[in-house]
Amino acid sequence: MEKVRIAIIGVGNIGNLHAGYLSNNEIKGAELVAFCDINPDKLVVAKRKYGENYKFYDSVQQVLADEAIDAVIISTPHYDHPVIAMAALKAGKHVLSEKPAGVYTKKVRELIEESKKYPELTFALMYNQRMNPTYRKAKELVEAGEIGELRRTNWIITNWYRSQSYYNSGGWRATWAGEGGGVLLNQDPHQLDLWQWICGMPKRVMGFAYFGKLRDVEVETDVTAYVEYANGATGVFVTTTTETPGTNRFEIVGSKGKIVIEDNQLKFWQTRVDEAEWNATYEGGFGEPEVWEIKVPTTFDSASGHSKVVQNFVNNILTGEELKSPGVEGINGLMISNAIHLSAWQERWVDLPIDEDLFFEELQKRIATSKLKTVEEKVLDTENTY
Ligand SMILES: NC(=O)c1ccc[n+]([C@@H]2O[C@H](COP(=O)([O-])OP(=O)(O)OC[C@H]3O[C@@H](n4cnc5c(N)ncnc54)[C@H](O)[C@@H]3O)[C@@H](O)[C@H]2O)c1
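Caption draft 1: Geometry of the domain arrangement of the protein chain. Split into domains, the protein chain comes out as domain 1 (4-128 + 304-326) and domain 2 (130-301 + 333-368). Measuring from the centre of the C-alpha atoms in domain 1 to the corresponding centre in domain 2 gives 28 Å. With 24 residues of domain 1 at the interface, the matching set in domain 2 holds 27 residues. Between domain 1 and domain 2, roughly 2300 Å² of surface is buried when both sides are summed, and carbon and sulfur atoms account for 58% of that area. Our count for the domain 1 to domain 2 interface comes out at three salt bridges. The salt bridge partner of aspartate 301 is lysine 308, with a shortest N-O separation of 3.2 Å. There are 14 residue pairs in polar contact (both at pLDDT 80 or more) connecting domain 1 and domain 2. Looking at the side of domain 1 that touches domain 2, the elements that each hand over two or more residues are helix H5 (105-116) and helix H10 (305-319).

As structure tokens, this is what we get:
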């Protein structure tokens, strides 16, 4: 295969972002060949924007039946991600799915099992923030033991401000039936993925969530979660879409150092001696280990992650380059998300891995009373929003 022929399924906000750089031939070895959307208006707009030289399909089945398509980028609402991904793999297509991997881990587990049947096909997820050199550097520091043993993680991510008009821009948005969750499912999959990618999975979770707080929606708009890791470290994750000015501060503390990512900068401090060792021998009463602030060379780039994920996906298909955001890893952040929901619904600690059947049942109860909104759908300008 010389070029990977790609179809975009779902030509809404993010589908258009992917179409932009693909139609400009910015991805080496890739050729955008088709658009697919169940809403005919979206195809009319796409035709106007990108020209007539593409195929325009109004159903996924048409895409999957087209032998001149090698790969799909799934940019539909979340519930469909694993459903379309499984159908695409069965039809022999490489799959790059938008985040989250799905709404509930039970379904994503099914997808992962299915994907194992097709080792010749690439299955990746759009975790574009994994491409940000600053988060990659944080992972490198933690994995190299530069902060010692993990002790505490804190992420305050409250700068994804979303207005009521945003929530009203799509009928599926912020409903249990259409979206399956709020800020945890739409905005935070990136942070939940990075959190576990850098710090590892917690072993239990206590979540507090407020549903429809300050917005007329069914799902959570405000969440605080407390987690514990197997080694006794603790973590807190705070998020809302209703706060302005918001904060994005990720703090990782270990026995030998601390990393803070805030205001698009990574700061790193290291103690000359591990705190545990220092504490075992120090006899001076007040005092603390000597700390050095160390300048770590890295640039914060949150803009080009999407095209980098697509380039990596295409390279993996063509040359076997290692996948930076493999599909099988999509279950981890979602597991934390599902655990927070379950904990908040049942007001109790939830151990990981969660009881996936129980989560599914609890979600069904909410879907049963969910109301899809009738709204005029809009394609929003997404520049600089993620
Ligand atoms: N990676 C990122 O930075 C990022 C940013 C925004 C959105 N997203 C994800 O992308 C997905 C879509 O979000 P959006 O904001 O673009 O939504 P959107 O509503 O603007 O677009 C979704 C499109 O999918 C179409 N669609 C729905 N079901 C379909 C189906 N079965 N077949 C074909 N088309 C179908 C809809 O008609 C719509 O045009 C969400 O899962 C979201 O989490 C990711």
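After presenting the structure, the write-up continues.
Caption draft 2: Molecular detail of the sheet that holds strand S11 (residues 248-254). Pairing is mixed across the open sheet formed by nine strands, whose spatial order is S14-S13-S12-S11-S7-S10-S9-S8-S15. Only two strands of the sheet have a single neighbouring strand rather than two, namely strand S14 (291-294) and strand S15 (350-351). For strand S7 (residues 150-157) and S11, the ladder comprises seven bridges, and the chain directions are antiparallel. Each residue of the ladder has a partner; that of tryptophan 155, found in S11, is phenylalanine 250. Each of S7, strand S9 (220-228), strand S10 (234-240) and S11 touches helix H8 (residues 189-199); the most contacted strand, S7, lies at about 165 degrees to it. Seen against the sheet, helix H11 (residues 330-346) touches strand S8 (204-211), S9 and S15 and runs at an angle of roughly 70 degrees to S8.

Caption draft 3: Looking closely at the sheet that holds strand S5 (residues 94-97). The strand order S3-S2-S1-S4-S5-S6 describes an open sheet built from six strands, whose pairing is parallel. Two strands close off the open sheet at either side, each with one partner strand: strand S3 (55-57) and strand S6 (123-125). On average, adjacent strands in this sheet sit at an angle of 25 degrees to one another, irrespective of strand direction.

Caption draft 4: Fine view of the pattern of salt bridges. Under the defined criterion, the tally for this structure stands at 21 salt bridges. For glutamate 228, the salt bridge is made with lysine 203, and the minimal N-O distance between the two is 3.9 Å. Taken together, the residues glutamate 228 in strand S9 and lysine 203 in the loop between H8 and S8 connect sequence positions 25 residues apart. The class of glutamate 228 is buried, set by a relative accessible area of 17%. Of the charged contacts in the structure, one is a salt bridge between arginine 204 and glutamate 228, with a shortest N-O distance of 2.9 Å. Note that arginine 204 is positioned in strand S8 and glutamate 228 in strand S9, a separation of 24 residues in sequence. What you see here is one network of salt bridges that share partners, running through Arg152, Arg249, Glu251 and Glu262.

How each quantity is defined
- Residues numbered from 1 in each chain as written.
- Predicted model: local features only at pLDDT ≥ 70, side-chain atom pairs only at ≥ 80, totals over all residues.
- Heavy atoms only, no water.
- Domains from an automatic or database assignment.
- Contact = heavy atoms within 4.5 Å.
- Buried area = accessible area lost by both parts, 1.4 Å probe.
- Salt bridge = Lys/Arg side-chain N within 4 Å of Asp/Glu carboxyl O.
- Polar contact = N/O pair within 3.5 Å; in protein donor to acceptor, adjacent residues only side chain to side chain.
- Helix = DSSP H or I, 4+ residues; strand = E, 2+ residues; numbered from the N terminus.
- Pairing = 2+ DSSP bridges.
- Axes fitted to C-alpha atoms, helices over the stretch in contact; angles between N-to-C directions.
- Buried < 20%, exposed > 50% of the residue type's maximum accessible area, 1.4 Å probe, protein only.

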